[in-house]
Amino acid sequence: MQVIRLEEEAFYTLLEKSIEYLESKRQDAPRKWIGETEAVAMLDGVSKSTLQRLRNNGDIGFTQPSRKIILYDRESINDYLEKHAKKPFK
């Protein structure tokens, strides 16, 4: 087995280039349907009951491909946030 040693600067350069490469290969468009964890994160940590209320009131879009799986529409969450955004005072 060979051991490869790098100077610290070379290591971080290699790491940065690797990250740039992986990001360039990643899909540009975010997924349309997201899970509960990501939806909660987008809504800044709302509770599961609040997420359910938003869903039941039709404030955010969702799909339920099976009984236990509920996916949320990323765009409808962004629209909901924009709709409730307050304009800054001037």
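The structure displayed is predicted, hence computed values, not measured ones. (Residues numbered from 1 in each chain as written. Predicted model: local features only at pLDDT ≥ 70, side-chain atom pairs only at ≥ 80, totals over all residues. Heavy atoms only, no water.)

## Digging into the overall build of the protein
Then, in step 1: Looking only at helices and strands, the protein features four helices and three strands.
Then, in step 2: Its helices and strands in sequence order give the protein the pattern α-β-α-α-β-β-α, from N to C terminus.
Then, in step 3: Scaling as 2.2 N^0.38, a compact globule of 90 residues should have a C-alpha radius of gyration of about 12 Å, whereas the protein reaches 20 Å, well beyond that.
Then, in step 4: For the protein, the spread of C-alpha atoms along the three principal axes comes to 60 × 50 × 25 Å.
Then, in step 5: Burial statistics for the protein: of 90 residues in total, 16% are counted as buried. (Helix = DSSP H or I, 4+ residues; strand = E, 2+ residues; numbered from the N terminus. Rg over C-alpha atoms; globule rule 2.2 N^0.38 Å. Buried < 20%, exposed > 50% of the residue type's maximum accessible area, 1.4 Å probe, protein only.)

## Considerations on the nonpolar core
Then, in step 1: In this structure, Ile34, Ala39, Val40, Leu43, Leu51, Leu54, Ile60, Tyr72, Ile77 and Tyr80 together form the largest nonpolar core, which totals ten residues.
Then, in step 2: Elements with a minimum of two residues in this core: helix H2 (36-42), helix H3 (48-56) and helix H4 (74-83).
Then, in step 3: What Ala39 contacts, discounting residues up to four positions off in sequence, is Ile34, Leu51, Tyr72 and Ile77. (Core = buried A, V, L, I, M, F, W, Y, C linked by side-chain atoms within 4.5 Å. Contact = heavy atoms within 4.5 Å.)

## Things to note about the pairing of strand E2 (residues 62-66)
Then, in step 1: The pairing of E2 with strand E3 (residues 69-73) spans three bridges and is classified as antiparallel. Bridge pairing in E3 links Phe62 to Tyr72.
Then, in step 2: Once E2 ends, the chain turns through two residues before running back antiparallel as E3. (Pairing = 2+ DSSP bridges.)

## Notes on H3
Since one α-helical turn is 3.6 residues long, residues separated by three or four positions face the same way.
Then, in step 1: Those residues of H3 lying buried are Leu51, Leu54 and Arg55. Viewed end-on, H3 has its buried residues packed into an arc of 100 degrees, placing them on one side of the element. In H3, the exposed positions angled more than 90 degrees off the buried face are occupied by Ser49 and Asn56.
Then, in step 2: Looking one or two residues beyond H3, the residue adopting positive phi is Gly58, at roughly 80 degrees. (Arc of directions from axis to C-beta.)

## What about the sheet that holds strand E1 (residues 33-34)?
Then, in step 1: Strands sit in the order E1-E3-E2 across an open sheet of three strands; the sheet is antiparallel. Two strands bound the open sheet, and with one partner strand each, they are E1 and E2.
Then, in step 2: The strands that H4 touches are E1 and E3; relative to E3, the one it contacts most, it runs at about 55 degrees. (Axes fitted to C-alpha atoms, helices over the stretch in contact; angles between N-to-C directions.)

## Brief notes about the side chain of Asp73
Then, in step 1: Structurally, Asp73 is set in strand E3.
Then, in step 2: A distance of 3.2 Å separates polar atoms of two side chains, one belonging to Asp73 and the other to Lys32. (Polar contact = N/O pair within 3.5 Å; in protein donor to acceptor, adjacent residues only side chain to side chain.)

## Let's talk about the pattern of salt bridges
Then, in step 1: A full pass over the atoms with the stated rule returns four salt bridges.
Then, in step 2: Asp73 serves as the salt-bridge partner of Lys32, at 3.2 Å between the closest nitrogen and oxygen. Of this pair, Lys32 sits in the loop between helix H1 (8-25) and E1 while Asp73 sits in strand E3, placing them 41 residues apart in sequence.
Then, in step 3: By relative accessible area, which is 11% here, Asp73 ends up buried.
Then, in step 4: The residue Glu38 makes a salt bridge to Arg74 at a minimum N-O spacing of 2.9 Å. A residue pair is termed long-range when its members are at least 10 positions apart, and Glu38 in helix H2 and Arg74 in helix H4 qualify at 36 residues.
Then, in step 5: Given the relative accessible area of 28%, Glu38 is considered partly exposed.
Then, in step 6: Overall, Arg74 belongs to the buried group, its relative accessible area being 17%. (Salt bridge = Lys/Arg side-chain N within 4 Å of Asp/Glu carboxyl O.)

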